[in-house]
Amino acid sequence: LKITDKVAALRPGEPFHSLEFFPPKTTMGFDNLEARLRRMACALRPLFVNVTWGAGGSTATKSLQLAELCQRQLELTTCLHLTCTNMSQAVIDETLEAAKEIGIRNILALRGDPPRNEEYSNAPSDATANGTSGIEFEYAVDLVKYIREKHGDYFCIGVAAYPEGHVEGACPERQDVEFDIPFLVEKVKAGADFIMTQLFYDVDKYLSFEKSLRDEPSGVFRDLPIIPGMMPIQSFQMLKRITKLSGASIPPDILTRLEDVKGDDEGVKREGVNIVSEIIEKIKSTESTQLRGFHFYTLNLEKAVSFILERTNLIPAPEESVFEEIDGPITNGNN
Ligand code: FAD
């Protein structure tokens, strides 16, 4: 199913969430993730799951394998990420065909790393199949256009956005949201159906970004699902590293709360659950013309995201079975 159709079918006011996973390198890692995915799918009931793509096609085979596991075996609506720079057109064609065969209807169309000029010479062998000729992709918008030209409306296409601006964005001097917005408009005009954001911890910056998109004069964002990206806090060091890489700021009050417990890993995780839950609650309580959804960068980990989803009431009730409709729900005697 397409993500936009699934969102449209939700009840008014019903929030949703999605979970992102990356393909493990080893067979053992893959088996462990499979077991974890089964548990998470059953316990957390995401509206859809995302499978990441290594820039330049470095995880092409493994990403497709994980996407197939999610879509086919686990029957989860799956969104496959696909980057377009430093990769041949042939790999993009093959990937989209493979995605179709697996039953995937959702693609997150991304740029990946900035384009290199040396004809993908460092790209892995499975990313250079059939040579390097074909269309040159420079920005994500080129991929959105290409998918629409080649596959019409078959795929529901998502694109990335940056509530605090892209780290190496359109503005040469600094990270600047305003500079990047016209390019985001282009991606939507080219055919994107929804937006997923970079992680952030400054909820006010996110809300102001969302407002500028909704109020943007072209009107392309008015009715578009905008899904904020949440990353549970796993450790103080990791938080520092990831926020530096992604250019996300940590508001001083959040930093102080984490610094107070930084020697205690469990304490950081616990406080991290509190912090991310508060961010979600604040977004949920802010008026929106669209349903509220939240995307989780899980890093293939289970606990923190489960606590956050439970705390913020984001786990949907199980679908009613036919038997429940006839006999009423079966209770375990404790309630
Ligand atoms: P673009 O939309 O092409 O934008 C890149 C920058 O260029 C922006 O600052 C934009 O404003 C600017 N720009 C766009 N068009 C022009 C133009 N014509 N002229 C000048 N400037 C322009 N990376 C991976 O490798 N694999 C993944 O699976 C992955 N998943 C992601 C998921 C999410 C939700 C997000 C937010 C990012 C993800 N990324 C992933 C990272 C992403 O590939 C990088 O952030 C990349 O540097 C930019 O990708 P983009 O699609 O936003 O690019």
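Everything quoted here is computed from the prediction, not taken from an experiment.

Now for the overall build of the chain. Looking only at helices and strands, one finds 12 helices and 8 strands in the chain. Burial status across the chain gives 41% buried among its 335 residues. Contacts spanning at least 24 positions in sequence make up 80% of the contacts within the chain whose residues lie at least 6 apart.

Bringing the sheet that holds strand S8 (residues 293-297) into the picture now. Overall, parallel pairing links the 8 strands, which are arranged S1-S2-S3-S4-S5-S6-S7-S8 in a closed barrel. Within this sheet the neighbouring strands show an average axis-to-axis angle of 25°, counted without direction. In this structure, strand S3 (residues 78-83) lies alongside strand S4 (residues 106-110), joined through 5 bridges in parallel fashion. By the bridge assignment, leucine 82 is partnered in S4 with alanine 109.

Turning to the packing of helix H9 (residues 252-259) against helix H10 (residues 265-285), a few remarks are in order. Look at H9 against H10: their axes get within 9 Å of each other, and the N-to-C directions meet at 155°. Put simply, H9 runs roughly antiparallel to H10. Of the two possible hands of crossing, H9 and H10 adopt the one that is right-handed. When H9 is examined against H10, the residues Ile254, Arg257 and Leu258 are found in contact with a partner set consisting of Val268, Glu271 and Ile275. Its residues placed into classes, the contact of H9 with H10 shows 4 nonpolar, no polar and 2 charged.

We now examine the pairing of strand S2 (residues 48-51). Of the two faces of S2, the one lined by Phe48 and Asn50 and the one lined by Val49 and Val51 are each fully buried. As judged from the 4 bridges shared by strand S1 (residues 16-21) and S2, these two strands associate in the parallel manner. Residue leucine 19 lies in a different strand from S2, and its bridge partner there is valine 49. With helix H2 (residues 27-44) bridging S1 and its parallel neighbour S2, the resulting β-α-β unit is right-handed. Pairing of S2 with S3, which is carried by 3 bridges, proceeds in the parallel orientation. When the bridges of S3 are listed, asparagine 50 appears paired with cysteine 79. Since S2 and S3 lie parallel, the crossover through helix H3 (residues 60-73) that links them has a hand, and here it is right-handed.

Our next topic: the environment of glutamine 175. Relative to the helices and strands, glutamine 175 is located in the loop between strand S5 (156-161) and helix H6 (177-189). Spatially, the C-alpha atom of glutamine 175 lies 29 Å from that of cysteine 156, the residues being 19 residues apart in sequence.

Quick look at H2 now. Over its 18 residues, H2 extends 25 Å from the first C-alpha to the last, a length consistent with the 26 Å expected when each residue adds 1.5 Å. In the stretch just after H2, arginine 45 is the one whose phi turns positive, near 50°.

The next point concerns the nonpolar core. Of all hydrophobic cores here, the largest spans 89 residues; its most connected members are Ile107, Ala109, Leu143, Val144, Ile147 and Ile157. Counting residues per element, this core draws most heavily on H10, which supplies 7 residues. Not counting the four nearest positions on each side in its chain, isoleucine 157 is found in contact with Ile107, Ala109, Val144, Ile147, Gly191, Ala192 and Asp193.

Moving on: the environment of valine 91. Among the secondary structure elements, valine 91 is positioned in helix H4 (residues 89-102). The class of valine 91 is buried, set by 24 C-beta atoms lying within 10 Å. In this structure the C-alpha to C-alpha distance between valine 91 and glycine 56, which are 35 residues apart in sequence, comes to 9.7 Å.

Cut-offs and rules
Residues numbered from 1 in each chain as written. Predicted model: local features only at pLDDT ≥ 70, side-chain atom pairs only at ≥ 80, totals over all residues. Helix = DSSP H or I, 4+ residues; strand = E, 2+ residues; numbered from the N terminus. Buried ≥ 20, exposed ≤ 12 C-beta atoms within 10 Å, placed from the backbone. Contact = placed C-beta atoms within 7 Å. Pairing = 2+ DSSP bridges. Axes fitted to C-alpha atoms, helices over the stretch in contact; angles between N-to-C directions. Parallel < 35°, antiparallel > 145°, perpendicular 65-115°, else oblique. Left-handed = near helix turned anticlockwise from the far one by under 90°. Nonpolar A, V, L, I, M, F, W, Y, C, P; charged D, E, K, R; others polar. Right-handed = clockwise from strand over helix to strand, strands pointing away. Expected span 1.5 Å × (residues − 1). Core = buried A, V, L, I, M, F, W, Y, C linked by C-beta atoms within 7 Å.

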